[in-house]
Structure formats: structure tokens, C-alpha cells
Amino acid sequence: MDNLLTRISSKGIDLMALNSQQSLMLWHYVVDEFAESNTEKAYALLMCSEFEVEFNQTQKSIQHLQRALLLLSLPDNIDLILQIYSSLSYRYTDIGEYQSALESLYSLSKLAVDFGDNEFYIQSILGIGNLCSIYGDHLKALRYYQKIESLSKTIQSNNLSLRYRLYIVACLLDLNRLSKAKKLLNECHVIEYVSDDLQLMMQVQLYSAKLLRLQNKPQTALDALIVFRKENINLDSFPWLNKLFSIEASYCLIQLQRGELADVLITHQLKRTKKYSQGYYIRQLLDVKSDALASCHNFSAALECEKEAHQLTVAIVKHFPINELGGHALRRLTRLELQLRLNISESENIKLKKVSDEQKDTVAKLQKDVFHDSLTKLFNHRWYKSTFANEIKPKLATYQLLVIDIDNFKSINDEYSHLTGDVVLKLVARIIEESSGSNNYALRYGGEEFIIIVASNDQQYGKEIADRCRLSISEFDWHETLQDRLVTV
């Protein structure tokens, strides 16, 4: 799709600068007027479907995914076909069409095996296990996840590695196996450092709060959820996570004997969720609402919620393909896994003959990206909290910390634009790095704040570095960037 994206960019369109509505309109235009091949049109339909979910247009999203499949053929379009089947499984699950979701997951698993794609195969098994959890059979879900335990070591995607663990954590929490869940959550906290999927990172926080609640620490869990909500002001863009947040916050409030607040919160979430989903997700919310009402001694209303939830449960069970998730399905996966291993082995034998320099460069770049600020290229807050704290600090007999703050930096952004502010930050970072000396460490701690770690207890030496920094910044020629304005720290 590089050619398509290049042509879009050549028209002066910055995809990253568009909001969701503008993006949806653009991809509709690409489908109707701009795409030059069926593959490009199918890709544009896939993008339409992704943005349509944000506007609660799930049925339209499914129609576009189905239309995209008709435009593609094997083996040339296998990557796109796998992505579409994966997306279809999520959409069908959202609207309660579990038979269709399962069929999409089976198609995904078969194609992934045929073409030796273990990561899409793992995604398919996670989806099947999730269907078992929706049905309420968390033990069976765990059995599905165990089917890919040996393959999990081959996962190259940090996001998939994190998602795999989170699916298991969700099961363990529902089964009240808290010690195992806590151990796996600790692994998730490590992996989220190298994940670029905001939804997965938020999921780690939510499950951590749920663990606290199940450990009978509702106030601590609620405090964590409040911080989480403040840090993720765009949570409304992720309906599923928003629902999970409301459920957890409501259960905490119920345990703290504040059922009336829980009822308000969950009622609001019910109205939102009914716009894009049905079945299982609504039943979840009704269960919470019933508990909230019962805690307020409003037992008649709680009973009505229970009746509605029961009706949904009956409907789910009636149309749920539970017989297709039994032992024969697990045996089928065993056969598929053997075939997948064979296909992967053949593929790996070819790859082993190639030079591994590219992989080494990727690892080196990943390590640099994780611990360096993307704007200034200095070390970042994460480096300070991990590498410095755990590896460097214990080896230093003494050290000094110079904390540097740019004066009135907000006014630079306001008067000259944020782009100019970024230029100032990069120039200040360069001056700080040059002034700090090769034996010390310079980092951007956040915003307009920088730190120099001086590996010495000689206070005169530390003062000299501080003065050199201060003077170098104030005496720098800022005219090209800020005209007559100076920068001080």
C-alpha cells in the first residue's frame, strides 16, 4: 500500500493530521475515485471500516469488510485478507453474531496455517478463547490459550505478546486466581514499555485496578481508576475500554457502599453501549446495575435488571455455537498447529541463510526508541526510572542532580506556535548536552524540564556545569528562531 499512501501524500494530505470524520470521508473518496486497483480499493474499505466503528456504524463496517474480501485473491493479497478476517471477527463479536465471529476465526486460523503466519494464527485462537469467556466458560478459554503457549515464544510483535497475556489475565481474574493474574500482570507492565498500542496499555491499567478490587482494596482501586481517567481524556474514543472502566469503577463504588453513584455511572454507560453493541456487553452492564441497585436496597428495580439480563443470557446461549468449541475443535487445532510448525520451520530455514544485520539494527533502534526522547534525542523519563535507577545509580558512589526548567516556555508556544517551541526545545537540548560533559548524563524529563546527572560529588564542578548551561543558553543567538526574544533557564 506504499504506492497508494505516497500518492495521497503527494496531494498535500497529511493522514496523521485528520480527525476521524475527515479520515472516513477521505477513505470513502479513495474507494470511489482514487484507488487504481482492487487491492487499493480493498485496503481503503478496510480503513473505512476501522473509522466507522468509532461512529457506532458496526453493520456498515462489516459490509465494507465483506466487500473488500470479494476484491482480493490468494496468494497475492494474503496479508490483507488475514487482516480483514481478524477485523470481521471483532465486529461480529461486538454485535453478538457469535456464529459468524467463529466462522471468521476459523477462516483466519486456516489461512494463517496455510501461509505460515503464526501471529495471525495466535490471534485467531485468542478470539476463539474469548468466545468461550463470553459464554462464561473461562476454563475452556484457558485451554485454548494453552494451545498456543509453545508458539507464544515465537511472537515478534510486542503488541501481540501483550495482548496474549492480557487475554489470560482476564480469565484468571474471572476465575479469582489472583496470584497467577498478578504474576502475569507484572510481565504485562514490562512489555507495555515497548508497546505502541494505547488500548493495550490502558487495558493493563484497568486489569491492575480490577486485581486491587478483587484483593478487597476497593478504595485503592478506585483511586487508580480516577488517575487513569484523568490521564486518558480520550477514553471515549475506545467504547470497549470505556465500558470496562465504568464496570470497574462501579464495582469499587458498590464495595464502598456508594451504590447510588455506581448506578448513575453504569446507567450512562448502558445508554452509550446500546448504540454500538448488544447481547453479552449489555448483559455485563445489567449485572453491575443490578448489584448497584441492590446495594441501595432498591430490590424491585434490581430484579428487573436481573430479568433483562437473564433474557439476554438465554438469547446468547440459544444462538451460541458452543458445540463447535468442544473437544473436537481443540483436536482440530492440534492438527493445525503441527502443520503450522512445519510451515514455519521451512520458512525459518530460508531466513537463517540470510544475514541478520537487519534484525540487529531493529533491536538497537528499538532500544534507542524506548529510552530516548523522540524530539530532542536525549535520554527520557523512562530511561531515568529504569536504566539509571537500576543499572547506573547503584554503581555511582555519589552524584548530583541538576534540574533545568525553561523560563516562561508556555508563552513561546502561545506567541510563536508549538512548532517554534519544538525548535527551541531541540536547541536547548543540544546546548545542555554540549555543556554537561561526556562523563555525565543529560535527559529530557518532560515538557520543558531537563535533567543533568553529574557523576561526581564535587559541588564546585556541579555549579560550573550549571552556570555553563545557563550562560550558554542565555547567550545563544536566538534571533533566527525567536527574533528579538531570548531564552533563559
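Worth saying up front: this structure is predicted, and the values here are computed from it rather than measured. (Residues numbered from 1 in each chain as written. Predicted model: local features only at pLDDT ≥ 70, side-chain atom pairs only at ≥ 80, totals over all residues. Heavy atoms only, no water.)

**Some thoughts on the overall build of the protein**
Spelled out, the test is: Think of it this way: any DSSP run of H or I at least four residues long counts as a helix, any run of E at least two long counts as a strand, and we number them from the N terminus. Classification of residues uses two cut-offs on accessible area relative to the type maximum, computed with a 1.4 Å probe and protein chains only: under 20% is buried, over 50% is exposed, and between them is partly exposed. Contact criterion: two residues are considered in contact whenever any of their non-hydrogen atoms come within 4.5 Å of each other. A 1.4 Å probe and the Shrake-Rupley method give the accessible areas. Residues count as covered only by the protein chains that appear here. In this charge count, Lys and Arg are treated as positive and Asp and Glu as negative; neither His nor the chain ends contribute. Charged side chains are reduced to one point each, which is NZ for Lys, CZ for Arg, CG for Asp and CD for Glu.
For the protein, the count of helices and strands is 23 helices and 3 strands. For the protein, the C-alpha atoms occupy an extent of roughly 75 × 60 × 45 Å along the three principal directions. Residue burial in the protein is summarised as follows: out of 489 residues, 46% are buried. Taking contacts inside the protein between residues at least 6 apart in sequence as the whole, the part at least 24 apart equals 64%. Working note: accessible area of the protein is about 25800 Å², and carbon and sulfur atoms make up 50% of it. On the protein, the mean spot of the 55 positive side-chain charges and the mean spot of the 61 negative ones are 7 Å from each other.

**Topic: the sheet that holds strand S1 (residues 400–405)**
Note the following rule: At least two bridges found by DSSP between two strands are what make those strands a pair. Throughout, an axis means a line fitted to C-alpha atoms (over the contacting stretch in the case of helices), and angles, computed between N-to-C directions, take values from 0 to 180 degrees.
One open sheet holds the 3 strands; their spatial order is S1-S3-S2, and the pairing between them is antiparallel. Both outer strands of the open sheet, S1 and strand S2 (441–446), are each paired with one neighbouring strand and no more. The average undirected angle you get between the axes of adjacent strands in this sheet is 25°. Across 5 bridges, S2 lies against strand S3 (residues 449–454) in antiparallel orientation. Note that in S3 the partner of Leu443 across the bridge is Ile451. Where helix H19 (residues 381–392) meets the sheet, its contacts fall on S1, S2 and S3, and the angle it forms with S2 comes to roughly 135°. The sheet contacts of helix H22 (residues 459–474) involve S1 and S3, and relative to S1 the element is tilted by about 20°.

**Focus on helix H12 (residues 218–231)**
Heads up, the condition is: Helix span, expected: 1.5 Å multiplied by one less than the number of residues in the helix. By definition, the arc is the one covered by directions from the helix axis to the C-beta atoms.
End to end, H12 covers 20 Å across 14 residues, agreeing with the expected 20 Å (1.5 Å per residue, within 8%). When we look at burial in H12, the residues that qualify are Pro218, Ala221, Leu222, Leu225 and Phe228. The buried residues of H12 occupy an angular sector of 115° when projected down its axis, which confines them to one face. Summarising the geometry of H12, the exposed residues directed more than 90 degrees from the buried face are Lys230 and Glu231. Buried residues in H12 make contact with helix H11 (198–214) and helix H13 (239–255).

**A closer look at the packing of helix H21 (residues 418–436) against H22**
Formally: Throughout, a crossing is termed right-handed when the near helix is turned clockwise from the far one, and left-handed when it is turned anticlockwise from it by less than a right angle. Put simply, Ala, Val, Leu, Ile, Met, Phe, Trp, Tyr, Cys and Pro go in the nonpolar bin, Asp, Glu, Lys and Arg in the charged bin, and everything else, Gly too, in the polar bin.
For the pair H21 and H22, interaxial distance at closest approach is 9 Å and the crossing angle is 145°. H22 is crossed by H21, and the crossing has right-handed handedness. For the pair H21 and H22, contact is made by Val428, Ile431, Ile432, Ser435 and Ser436 and by Ile465, Arg468, Cys469, Ser472 and Ile473, respectively. Residues belonging to the contact of H21 with H22 are distributed by class as follows: 6 nonpolar, 3 polar and 1 charged.

**A look at unusual backbone geometry**
In this structure, the amide linkage connecting Leu74 to the following residue, Pro75, adopts the cis form with an omega of 0°. At Asn56, a residue that is not glycine, the phi angle is positive and equals roughly 60°. By the secondary structure assignment, Asn56 is in the loop between helix H3 (38–54) and helix H4 (58–70). A positive phi angle, near 50°, is found at Asn408, a position not held by glycine.

**What to know about the environment of Arg67**
Along the polypeptide, Arg67 turns up in helix H4. Those residues in contact with Arg67 that sit more than four places away from it in its chain are Val31 and Leu45.

**Considerations on the pattern of salt bridges**
Stated formally: For salt bridges, the criterion is a side-chain nitrogen of Lys or Arg within 4 Å of an Asp or Glu carboxyl oxygen.
Scanning the entire structure with this criterion turns up 14 salt bridges. With a closest N to O distance of 3.3 Å, Glu36 and Arg7 form a salt bridge. Of this pair, Glu36 sits in the loop between helix H2 (20–34) and H3 while Arg7 sits in helix H1 (residues 2–10); the two residues are 29 residues apart in sequence, bridging distant segments of the chain. Owing to a relative accessible area of 58%, Glu36 belongs among the exposed residues under this scheme. The exposure class of Arg7 is buried, given its relative accessible area of 15%. A cluster of three or more residues bridged by salt bridges with shared partners is formed by Arg7, Glu36 and Glu40.

**Section: the packing of aromatic side chains**
Defined as follows: Between 30 and 60 degrees the pair is tilted, below 30 it is stacked and above 60 it is edge-to-face, where a pair is any two Phe, Tyr or Trp rings, Trp via its six-membered ring, whose centres lie within 6.5 Å. Charge-over-ring contacts are defined here by two conditions on Lys NZ or Arg CZ: a distance within 6 Å of the ring centre and an angle within 35 degrees of the ring normal.
Under the criterion given, the structure shown has 11 aromatic pairs. Centre to centre, the rings of Tyr145 and Tyr167 are 5.9 Å apart; their planes meet at 65°, and the pair counts as edge-to-face. Of the two residues, Tyr145 sits in helix H8 (residues 138–146) while Tyr167 sits in helix H9 (residues 158–174), which places them 22 residues apart along the sequence. Both residues of the pair, Tyr145 and Tyr167, count as buried. Taken together, the ring pairs connect Phe379, Trp383, Tyr384, Phe388, Tyr399, Tyr441 and Tyr445 into an aromatic cluster. Looking at Arg229, its charged tip hangs above the ring of Phe245, at a distance of 5.7 Å from the centre.

**Examining the nonpolar core**
Selection rule: Put simply, buried Ala, Val, Leu, Ile, Met, Phe, Trp, Tyr and Cys residues joined by side-chain atoms within 4.5 Å make one nonpolar core.
Within the largest apolar cluster, 112 residues are counted, with the highest numbers of intra-cluster contacts made by Trp27, Val30, Ile84, Leu131 and Leu325. Among the elements that line this core, the one with the most residues is H9, at 11 residues. Ignoring sequence-local partners within four residues, the contact set of Ile84 consists of Leu46, Leu65, Ala68, Leu69 and Leu72. Grouped together as the second largest cluster of nonpolar side chains are 23 residues, Leu402, Ile406, Val424 and Leu482 included.

**What about helix H6 (residues 98–114)?**
Taking 1.5 Å per residue, 17 residues should reach 24 Å; H6 reaches 24 Å between its end C-alpha atoms and fits that length. Two residues or fewer after H6 comes Gly116, characterised by a positive phi angle close to 65°.

**A word on the environment of Lys230**
With respect to the helices, strands and loops of the structure, Lys230 is situated in helix H12. Taking relative accessible area as the criterion, Lys230 reaches 65% and is therefore assigned exposed.

**Overview of the side chain of Thr273**
Applicable threshold: Pairs of N or O atoms within 3.5 Å make up the polar contacts considered here, provided that, within protein, one atom can donate a hydrogen while the other can accept it, and that residues adjacent in sequence are counted only when both atoms are side-chain atoms.
By the secondary structure assignment, Thr273 is in helix H14 (residues 259–273). Only 2.8 Å separates the side chain of Thr273 from the backbone oxygen of Gln269, close enough to count as a polar contact. Setting aside residues up to four positions removed in sequence, Thr273 forms contacts with Lys243, Tyr281, Ile282 and Leu285.

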